[in-house]
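Chains, contacts and geometry: an overview
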Amino acid sequence: MANSIMASSKPLIFLSSNQPSRVQIPKLAKLPQIPKSISSSELRTKALSLSSATVKSLALIAAFAPPSMAEAMEKAQLFDFNLTLPIIVVEFLFLMFALDKLYYSPLGNFMDQRDSAIKEKLASVKDTSTEVKALDEQAAAVMRAARAEIAAALNKMKKETQVEVEEKLAEGRKKVEAELQEALLSLEKQKEETIKALDSQIAALSEDIVKKVLPS
Amino acid sequence: MNVLSCSINTLIKEGLYEISGVEVGQHFYWQIGGFQVHAQVLITSWVVIAILLGSAALVVRNPQTIPTDGQNFFEFVLEFIRDVSQTQIGEEYGPWVPFIGTLFLFIFVSNWSGALLPWKIIQLPQGELAAPTNDINTTVALALLTSVAYFYAGLSKKGLGYFSKYIQPTPILLPINILEDFTKPLSLSFRLFGNILADELVVVVLVSLVPLVVPIPVMFLGLFTSGIQALIFATLAAAYIGESMEGHH
C-alpha cells in the first residue's frame, strides 16, 4: 500500500526535483502511451536513470513489487487533472439550481411566510391588550358601582334599624317610667297609710309608756 | 530506506496489500470523446446528488406549518446555511444561499458518504469508489467555482470599481493582492482534498494494521473532520464573497 502512495507522488517529485533528467519523468508518470505490460526490469532501468536518491528508492520499491502492482502504479496519480473537473463543475451547477428549486426557495419562502404570519398574530395579540384594558376598566367601574350601591343600602338599613331601635328604646323607657311612677305612687300611699296607722296608735303607745315609766 | 523497502516487501509477500487494498491515486478511467474522466468520482458524485435531491424532494414536497421530523431537520439545515451566509456576507446574503448551501451540502454528504456508505461492495476494474472530495478534480472544481463566484459578486456589486481593491490600502500591495486570488482557490481545494484523503488513508492503514476496535475512534474523528471541512469550505467561500462585496473603507 505504501508503494502506491509513494508511487502516486511521482508527479510531485517531478515538480520539486532539480535533476537534469527531468524530461524522462513525465514519460514515466503520465503514461497513456506506455504499454501496460511494462516489465519491472525496464521500470528499474528507467527509474534508476534518475539520480535522485528518493527516486532511486522509489524505483527499488517498485522493482520489488509484483508486476500487476507495477502496472497499476503506472496509472496511479494523485494530481491528475482531466475532464472530470469540468464535469464536476457542471454537476455542481446543476445540483445548485435543482436544490434551489426543490429545497432552498420553497422551504425558505414557506419559513418566511410562517415567520411573518406568526409575527402578525403576535402583533394582533399585542393590539388586543388595549381591549383588555378597556374591559378591565369596565369591570372596575362595575365593581365600584356595586360597592357604592351596597354602601348606600347598608347606610339606609343602618338608619332604619337605628330609628326602629330608638323607637323601641323610647317605648321601653316610657313603660319603665310609668311603672316607676306607679311604684312610687303606691309607695307614697303606703307611707301615708302607715303614718296614719301610727297616728292612731300613738295615744295607746304613749299611755303604755307613761304607765311603764311612772310607777303606779 | 532499505529497511523500509524490505519491510514493505515482506508486507506485500504476506498479502497485506491485497487485504487492505489502499488504492491511492488509482483511477477507473472512462473515455469520453478522447478525454479521460475519473469514473469513480463521477459515479459517487451522482449518488451524492441523488441522495441530496431525493431527500429534499421527499421532505419538502408538502411543508407543514408545524414541521414534522424530516422537515424540521431540513429547516434546521437551511437556517444554519442562512446563518453562515448572513454572518459572512451580510445583509445581501439572500442570492448566495443556494451557492453556499450547495457547497456545504455537497461537500458534507460527499465526505460522509466516503466514510459511511459501503462503496466496497461495488467492485471496479481499477481504483475504488470513495468520497468524491478525495479527488483533486472535485475540490479544484469547487474552489474555482468559488473564485468565479466572488469575482462575479464583486463585479456585479461595484462594476469595474471592484478592481480598485487591488491597490488598497496602497499600490505597493498590488502583487500580494493579485497573489491572493491564486492562493484562495489553491488553499481551499488542497485543504479539502488533503483532509479527506488523509482521513481515508489513516483509516485504511489502521484497519490494515489492527482490524478491530482501534480504527473506530479514528473513524469518528474522520466523520468530525469531514463535517468541519465542509463547514470551513462553505464559510470561507461565503467570507470571500462577502469580502469582495463589502464597501471601501
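The name an unreviewed UniProt entry gives chain B is ATP synthase subunit a, chloroplastic, with Eutrema salsugineum as the organism. Reading the Subunit (unreviewed entry) entry of the UniProt record for chain B gives the comment "F-type ATPases have 2 components, CF(1) - the catalytic core - and CF(0) - the membrane proton channel. CF(1) has five subunits: alpha(3), beta(3), gamma(1), delta(1), epsilon(1). CF(0) has four main subunits: a, b, b' and c."

Looking at an unreviewed UniProt entry, chain A carries the name ATP synthase subunit b', chloroplastic, with the source organism given as Eutrema salsugineum. The heading Subcellular location (unreviewed entry) in the UniProt record of chain A holds the text "Membrane".

Below, the discussion takes up the overall build of chain A. Looking only at helices and strands, one finds seven helices and zero strands in chain A. Counting helices and strands in the order they occur from the N terminus, chain A gives α-α-α-α-α-α-α. Sorting the 216 residues of chain A into buried and exposed places 27% on the buried side. Contacts spanning at least 24 positions in sequence make up 64% of the contacts within chain A whose residues lie at least 6 apart. Roughly 15700 Å² of accessible area belongs to chain A as shown, and the carbon and sulfur atoms make up 63% of that amount.

Two elements in contact, helix α7 (residues 84-213) of chain A and helix α5 (residues 97-116) of chain B, have axes whose closest approach is 9 Å; the angle formed by their N-to-C orientations is 110°. If you check the angle between α7(A) and α5(B), you find them roughly perpendicular. On the side of α7(A), the interface is formed by F92(A), L95(A), M96(A), L99(A), D100(A), Y103(A) and Y104(A), while α5(B) contributes V97(B), P98(B), F99(B), G101(B), T102(B), L103(B), L105(B) and F106(B). Per-class residue counts for the contact of α7(A) with α5(B) are twelve nonpolar, two polar and one charged.

This paragraph deals with the confidence of the model for chain A. Residue and element names in this part refer to chain A. Summary statistics for chain A give a mean pLDDT of 74 and a share of 64% for residues scoring 70 or more. Here helix α2 (residues 10-16) stands out as the element of chain A with the lowest mean pLDDT, 40, in contrast to α7, whose mean of 91 is the highest. Across residues 43-67, confidence stays below pLDDT 50; counting only partners more than four residues off in sequence or on other chains, it has 33 contacts. Contacts of residues 69-73 to residues separated by more than four positions or lying in other chains number nine contacts, the stretch itself having pLDDT below 50.

With that settled, the discussion passes to the UniProt feature "transmembrane region" (unreviewed entry) in chain B. All names here are of chain B. Taking the numbering used here, the UniProt-annotated feature "transmembrane region" (unreviewed entry) corresponds to residues 37-60, 96-116, 136-155, 192-214 and 220-241. Between the first and last C-alpha atoms of residues 96-116 the distance is 29 Å; the span itself is 95% helix and 0% strand. Helix makes up 100% of residues 220-241 and strand makes up 0%, while its end C-alpha atoms are separated by 32 Å.

Attention now goes to the pairing of strand β1 (residues 29-32) of chain B. Residues and elements named next belong to chain B. Inspection of the sheet shows β1 paired to strand β2 (residues 35-38) by four bridges, in the antiparallel sense. Counted as the bridge partner of I32 is F35 from β2. Hairpin connection, β1 to β2: the antiparallel pair is bridged by two residues, and G33 has positive phi, about 55°.

Let us look at the packing of aromatic side chains. All names here are of chain B. Tallied over the entire structure, the rule returns 17 aromatic pairs over all chains. Judged by centre distance (5.4 Å) and plane angle (55°), the ring pair of F80 and F104 falls under tilted. In this pair, F80 is assigned in helix α4 (residues 69-89) and F104 in helix α5, connecting sequence segments 24 residues apart. Here F104 falls in the buried class, since its relative accessible area comes to 10%. Look at W96 and Y152: their rings are 6.2 Å apart centre to centre, the planes differ by 65°, and that puts the pair in the edge-to-face class. In this pair, W96 sits in the loop between α4 and α5 while Y152 sits in helix α6 (residues 136-158), placing the two residues 56 residues apart along the sequence. Under the relative-accessibility criterion, W96 is labelled buried at 11%. A relative accessible area of 54% means that Y152 is categorised as exposed. Connected via pairs of aromatic rings, a cluster forms that spans Y150, F151, Y162, F163, Y166 and Y240. A cation sits over an aromatic face here: K184 above Y150, 4.7 Å from the ring centre. Seen from the ring of Y240, K184 lies directly overhead, with NZ or CZ sitting 4.7 Å from the centre.

Parameters at a glance
- Numbering of residues begins from 1 in every chain and follows the order in which that chain's sequence is written.
- In the order they appear in the text, chains get letters beginning with A and ligands get numbers beginning with 1.
- Local features in a predicted model are, by the rule used here, given only for residues with pLDDT of at least 70; side-chain atom pairs are given and counted only at 80 or more, and totals for whole chains, interfaces and linings are based on all residues.
- Hydrogens are left out, water is left out, and the side-chain values use all remaining heavy atoms of the structure.
- UniProt positions are given in the numbering used here, feature names are shortened, and annotations may be inferred rather than shown by experiment.
- Strands are runs of DSSP state E lasting at least two residues, helices are runs of H or I lasting at least four, and both sets are numbered from the N terminus onward.
- For each residue, the accessible area found with a 1.4 Å probe, counting protein chains only, is set against the maximum for its type, and the residue is called buried under 20%, exposed over 50%, and partly exposed in between.
- By definition, residues are in contact when any of their heavy atoms lie within 4.5 Å.
- Surface accessibility in these figures is a Shrake-Rupley result with a 1.4 Å probe; residues are shielded only by whichever protein chains are displayed.
- Helix axes use the C-alpha atoms of the stretch in contact, all axes being lines fitted to C-alpha atoms, and the angles between their N-to-C directions lie in the range 0 to 180 degrees.
- Reported orientations rely on four angle classes, namely roughly parallel under 35 degrees, roughly antiparallel over 145, roughly perpendicular from 65 to 115, and oblique for the rest.
- The nonpolar class holds Ala, Val, Leu, Ile, Met, Phe, Trp, Tyr, Cys and Pro. Asp, Glu, Lys and Arg form the charged class, and all remaining residues, Gly among them, are polar.
- Values of pLDDT, the confidence the predictor places in each residue, fall between 0 and 100.
- Here, strands pair whenever DSSP counts at least two bridges between them.
- Only Phe, Tyr and Trp rings take part, Trp by its six-membered ring, and two of them pair if their centres are within 6.5 Å. Stacked means planes under 30 degrees apart, edge-to-face means over 60, and tilted covers everything else.
- Geometrically, a charge over a ring is one whose NZ (Lys) or CZ (Arg) sits within 6 Å of the ring centre while staying within 35 degrees of the ring normal.

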